Amino acid sequence: MKVRDGVRQTMAWLHGWAGLLLGWVLYVMCLAGSLAVFRPEIGEWMRPETRDRAPAPHAIAAAVAWLQRHSDAPAWFLSAPGPRANTVEGVWFQGLSYTLRAFDPVTGMPALRQTRGGEFFYRLHFELQLPYPWGRMIASMAAMMMLVALITGVIAHRRIFRDFFTFRPGRGQRAWLDAHNALGVFALPFHIMITVTGLVTLASLVMPWGIRANYGENSAAMFQDLVPGAISRPPAGHPGKLAPIAPMIAQAERRFSGNVGLVSILNPRDAASLVIVYQADDRSIATSPEAISFDGVTGRVLADYREARPLVKTYDVVYGLHLARFAGPLLRWLYFMSGLMLAGGIATGLILWIVKRREKEPLTIGNRFAERLNIGMIAGAPLAFAVFFWANRLLPLGGADRAGAEVAWLYGSWAGALAAAFILRPRLGWPLLSGIGGIAWVTLAIVDLAIHKGATTVLLAGDAAMAVTGLFFLLVALRSARARGA
Amino acid sequence: MIFLLQVIGFMLLASAMHATPARLRLARTKNASRIARAAGVGLLLLSFIALMRQERFGIALLTWFGLATFGAMLVLITLALTRLGAGSRR
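For every chain, the first residue of its written sequence is number 1, and the numbers climb from 1 along that sequence. Lettering of chains starts at A and numbering of ligands starts at 1, both following the order in which they are written. Thresholds applied to this predicted model are a pLDDT of at least 70 for local features of residues and 80 or more for the giving and counting of side-chain atom pairs; totals over whole chains, interfaces and linings are not thresholded and use all residues. Each side-chain value is derived from all of the structure's non-hydrogen atoms; neither hydrogens nor water enter the calculation.

**A few points about the interface of chain A and chain B**
Reports of interface size often rely on the accessible area that becomes lost once the parts have come together.
Inference 1: On the side of chain B, 23 residues touch chain A, which itself brings 27 residues to the contact.
Inference 2: For any pair of parts, buried area is found by adding up, for both, the accessible area (1.4 Å probe) each one loses once the two are put together. Of all residues in chain A, Phe165(A), Phe186(A) and Leu334(A) bury the most surface against chain B, accounting for 33% of the area lost on that side.
Inference 3: The salt bridge definition used is simple: a Lys or Arg side-chain nitrogen within 4 Å of an Asp or Glu carboxyl oxygen. Remark: the boundary between chain A and chain B carries zero salt bridges.
Inference 4: The term polar contact refers here to a pair of N or O atoms within 3.5 Å; inside protein, the definition further demands a hydrogen-donor-capable atom paired with an acceptor-capable atom, and it admits residues adjacent in sequence only when both atoms are side-chain atoms. For the pair chain A and chain B, the number of links is one residue pair in polar contact (both at pLDDT 80 or more). The contact criterion used is simple: two residues touch if any of their non-hydrogen atoms lie within 4.5 Å.

So, in structure tokens, the structure goes:
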């Protein structure tokens with residue numbers, strides 16, 4: 001018995017520290033990841049003027065026509081519109097800098113309201129707005145910590161089944177522990193699945209030795225082996241004219257018996273241009289590496305590959321499980337809410353760390369710092385996300401870097417929230433930041449509903465979700481104002 | 001329907017647990033607890049079978065776990081509110 005208790009205590013210690021060290025990063029990753037489930041829908045909500053829909057071949061051809069007039073980049077990468085996205089999202093690079101534009105599917109013109117949309121949350125989830133590879137490295141380490149915290153949490157939880165339905169609100173530390181346990185245990189299969197699959201998606205970065213041993217620094221060769229349908233070749237060095245692209249997309253759609261996903265156009269002004277069309281990932285749990293390569297000038301098929309390798313298919317299932325692009329509306333919401341539960345589990349764990357120590361003795365400087373960081377991150381991040389959406393509605397259309405300005409608003413407000421958390425006393429910081437966040441979300445929903453009148457399902461659902469989020473944070477503000485500091 | 005089966009299943013399981021306050025327990029004897037537990041697990045299994053008939057296995061499994069999470073959460077919140085209500089009446 002004593003050995004078992006000793007193991008439990010050790011696990012509880014490890015659980016606490018593993019959760020604390022990168023808990024704030026994990027919290028932001030979970031919030032952003034949950035929002036990224038609705039990446040296309042957020043993009044549509046953030047471009048309310050662009051409501052037209054068009055079949056993928058037409059929409060891609062229209063965007064390519066604009067790019068041919070306005071971009072001399074060596075490659076264009078275009079996401080085809082589908083059942084969940086109405087715009088074509090294009091990225092092209094000039095050296096190390098890149099441009100991201102959403103295109104109207106009918107006219108092919110850049111959308112009136114340029115924004116990073118849901119792509120911002122998707123990137124934030126695993127790149128943390130840091131340059132490659134640092135953001136991904138930290139995200140990967142945080143995921144490892146998460147896995148450690150999950151395993152140790154299960155071992156340390158003495159009464160995991162007996163206390164399954166136990167939540168005793170209003171009982172200080174006990175209530176926080178109950179909430180932390182419930183949020184962690186109820187969605188435990190999801191938490192484990194999303195953490196493990198997340199780790200696998202970044203595995204090549206943290207464990208690159210297998211790839212290095214086989215391919216050295218030639219990552220293009222590895223990609224060629226992974227996706228044999230996507231070929232590469234050097235530019236011919238003399239100009240060539242791109243053949244009409246719509247027939248190539250239509251041919252790919254017939255071959256895939258479904259939607260196309262990404263369309264890459266390499267060396268578009270060269271005689272050796274390539275058009276590579278990838279299958280969309282919305283048909284099954286597994287993501288699809290299947291692609292068809294067309295000669296850009298003649299439109300002739302150069303490569304067409306059907307994936308049958310079991311190991312690649314296994315990886316695709318693991319990757320697909322994390323991305324959830326296969327999910328229908330119900331499953332998408334379940335992913336979203338389970339992701340928020342994980343964020344809630346992390347938040348309650350971080351708060352519990354402080355509550356537990358405060359009940360024993362006055363907080364040390366380190367724990368006081370952690371308490372302020374809790375306020376600035378747990379209440380500050382949702383507030384900053386609300387400001388991001390407000391900026392989307394308030395910033396004037398056009399301008400040099402409108403999408404970048406939205407992001408700047410987000411980080412500016414987040415910095416402000418962190419500063420407030422460190423300046424104000426916690427008993428004021430919690431209700432104030434949660435209250436401002438709540439008001440920001442609720443008013444945004446009301447204003448948007450008044451302006452756009454829920455014209456599309458996406459606008460209406462977005463407004464409703466924001467209103468619920470706002471009410472939740474107002475409730476948190478009210479409760480924390482009543483309590484004598486959490 | 002599937003969600004309802006899960007909620008009832010979890011309610012039965014909760015009613016057989018010692019951590020649930022005695023006055024909220026449907027099953028107060030050992031035998032009744034055993035029956036409630038078996039019925040609860042049975043309903044959860046039934047909900048999975050029902051889902052399997054509608055969806056492919058992978059999707060059914062993911063949906064079942066997702067719905068079960070919120071079914072259990074609903075039971076937890078209901079019990080917590082009942083506890084709070086009883087506390088404030090006292």
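**Considerations on the packing of aromatic side chains**
Residue and element names in this part refer to chain A.
Inference 1: Note on aromatic contacts: the rings of Phe and Tyr and the six-membered ring of Trp form a pair at centre separations within 6.5 Å, being stacked when their planes are under 30 degrees apart, edge-to-face when over 60 apart, and tilted otherwise. In the structure shown here, the tally under the stated rule is 34 aromatic pairs over all chains.
Inference 2: For the pair phenylalanine 93 and tyrosine 98, a centre-to-centre distance of 5.9 Å together with 45 degrees between the ring planes defines the contact as tilted.
Inference 3: A simple rule labels every residue: compare its accessible area, found with a 1.4 Å probe on the protein chains alone, to the largest value its type can have, and call it buried under 20%, exposed over 50%, or partly exposed in between. Its relative accessible area of 46% is what places tyrosine 98 among the partly exposed residues.
Inference 4: Feature note: the residues Trp45, Phe120, Phe121, Phe385, Phe388, Phe389, Tyr411, Trp414 and Trp441 constitute an aromatic cluster, connected by ring pairs.
Inference 5: By definition, being over a ring means that NZ of Lys or CZ of Arg is both within 6 Å of the ring centre and within 35 degrees of the ring normal. The side chain of arginine 39 reaches across the aromatic face of tyrosine 122, ending 3.7 Å from its centre.
Inference 6: A cation over an aromatic ring shows up here: arginine 357 above the ring of tryptophan 353, its NZ or CZ 3.5 Å from the ring centre.

**Looking at the environment of Ile138(A)**
Residue and element names in this part refer to chain A.
Inference 1: Structurally, the position occupied by isoleucine 138 is in helix H6 (residues 134–156).
Inference 2: Judged by its relative accessible area of 28%, isoleucine 138 is partly exposed.
Inference 3: For isoleucine 138 and threonine 197, which are 59 residues apart along the polypeptide, the C-alpha to C-alpha distance reads 16 Å.
Inference 4: Ignoring sequence-local partners within four residues, the contact set of isoleucine 138 consists of Val25, Leu128 and Leu130. Put simply, DSSP marks the helices as runs of H or I at least four residues long and the strands as runs of E at least two long, and each gets a number from the N terminus on.

**Regarding helix H7 (residues 173–186) of chain A**
Inference 1: The first and last C-alpha atoms of H7(A) sit 20 Å apart over 14 residues, in line with the 20 Å expected at 1.5 Å per residue.
Inference 2: Taken together, the buried positions of H7(A) are Ala175(A), Asp178(A), Ala179(A), His180(A), Asn181(A), Ala182(A), Leu183(A), Val185(A) and Phe186(A). Here the expected span of a helix is defined as 1.5 Å times the quantity of residues minus one.

**What to know about the pattern of salt bridges**
Residues and elements named next belong to chain A.
Inference 1: Going through the model one piece at a time under the given rule, you end up with 20 salt bridges over all chains.
Inference 2: Its salt-bridge partner being arginine 53, residue glutamate 44 comes within 3.1 Å of it at the nearest N-O pair.
Inference 3: The buried category is assigned to glutamate 44, whose relative accessible area is 12%.
Inference 4: Taking relative accessible area as the criterion, arginine 53 reaches 44% and is therefore assigned partly exposed.
Inference 5: The partner of aspartate 295 in a salt bridge is arginine 233, with the nearest N and O atoms 2.9 Å apart. Of this pair, aspartate 295 sits in strand E6 (residues 291–295) while arginine 233 sits in the loop between helix H11 (219–226) and helix H12 (246–256), placing them 62 residues apart in sequence.

**Thoughts on the sheet that holds strand E5 (residues 274–279) of chain A**
Residues and elements named next belong to chain A.
Inference 1: In this description, strands pair whenever DSSP reports at least two bridges between them. Taking strand neighbours across the sheet as the criterion, the seven strands line up as E3-E2-E1-E4-E5-E6-E7 in an open arrangement whose pairing is antiparallel. The outermost strands of the open sheet, each flanked by one partner alone, are strand E3 (97–103) and strand E7 (301–304). Taken pair by pair, the neighbouring strands of this sheet meet at an average axis angle of 15 degrees, ignoring direction.
Inference 2: Two elements, strand E2 (residues 88–94) and E3, share seven bridges in a ladder whose sense is antiparallel. Between N-to-C directions, angles cover 0 to 180 degrees, with each direction set by a line fitted to C-alpha atoms, over the stretch in contact for helices.

**What to know about the pairing of E2(A)**
All names here are of chain A.
Inference 1: Across four bridges, strand E1 (residues 75–79) lies against E2 in antiparallel orientation. From the neighbouring strand, phenylalanine 77 faces E2, where its bridge partner is valine 91.
Inference 2: Between E2 and E3, which pair antiparallel in sequence order, lie two residues; one of them, glycine 95, sits at a positive phi of approximately 65 degrees.

**Points about the packing of helix H2 (residues 23–36) of chain A against helix H15 (residues 365–394) of chain A**
Each pair of packed helices can be summarised by the angle the axes make with each other and by the distance between the axes.
Residues and elements named next belong to chain A.
Inference 1: It is at 10 Å that the axes of H2 and H15 come closest, and there the two elements cross at 15 degrees. Relative to H15, the element H2 is oriented roughly parallel. Note on packing geometry: the crossing formed by H2 with H15 is right-handed. In this structure, H2 contributes Trp24, Tyr27, Val28, Leu31, Ala32 and Leu35 to the contact, and H15 contributes Ala370, Leu373, Asn374, Met377, Ile378, Ala381, Pro382 and Phe385. Reported orientations rely on four angle classes, namely roughly parallel under 35 degrees, roughly antiparallel over 145, roughly perpendicular from 65 to 115, and oblique for the rest. Helix crossings are classified by the rotation of the near helix relative to the far one: an anticlockwise turn of less than a right angle makes the crossing left-handed, while a clockwise turn makes it right-handed.

**Quick look at the confidence of the model for chain B**
Inference 1: The score called pLDDT rates the predictor's confidence residue by residue, from a low of 0 to a high of 100. Per-chain confidence: chain B averages 86 in pLDDT, with 83% of residues scoring 70 or above.
Inference 2: Interface confidence for the predicted complex, given as ipTM, is 0.91, next to a pTM of 0.93.

**Regarding the nonpolar core**
Residue and element names in this part refer to chain A.
Inference 1: Residues belong to a common nonpolar core when they are buried Ala, Val, Leu, Ile, Met, Phe, Trp, Tyr or Cys residues joined through side-chain atoms within 4.5 Å. Counting residues in hydrophobic clusters, the biggest one holds 108 residues, and the most contacted among them are Phe165 and Tyr335.
Inference 2: At 15 residues, the largest contribution of residues to this core is made by H15.
Inference 3: If you look at the next biggest cluster of nonpolar residues, it comprises 29 residues, including Met248, Ile249, Ala252 and Ile265.

**Things to note about the environment of Gln279(A)**
All names here are of chain A.
Inference 1: Within the secondary structure, glutamine 279 is located in strand E5.
Inference 2: Glutamine 279 sits 22 residues away from serine 257 along the chain, and the two C-alpha atoms are 9.3 Å apart.
Inference 3: Other than its neighbours up to four places away in sequence, glutamine 279 contacts Phe256, Asn259, Val260, Gly261, Ser288 and Glu290.

**Comments concerning the domain arrangement of chain A**
All names here are of chain A.
Inference 1: Along its sequence, chain A is organised into domain 1 (48–114 + 229–304) and domain 2 (364–486).
Inference 2: When each unit is reduced to the centre of its C-alpha atoms, the spacing between domain 1 and domain 2 is 36 Å.
Inference 3: Contact with domain 1, which involves five residues of that partner, is made by 11 residues of domain 2.
Inference 4: Of the roughly 720 Å² buried between domain 1 and domain 2 on both sides combined, carbon and sulfur atoms contribute 58%.
Inference 5: Among the residues domain 1 hides against domain 2, the three largest losses belong to Arg51, Arg113 and Gln114. Together they make up 65% of the total.
Inference 6: Inspection of the region where domain 1 meets domain 2 yields two residue pairs in polar contact (both at pLDDT 80 or more).
Inference 7: Each residue gets one label: Ala, Val, Leu, Ile, Met, Phe, Trp, Tyr, Cys and Pro are nonpolar, Asp, Glu, Lys and Arg are charged, and the others, such as Gly, are polar. A per-class count over the side of domain 1 that touches domain 2 returns two nonpolar, one polar and two charged. An automatic or database domain assignment is the source of the domain bounds shown.

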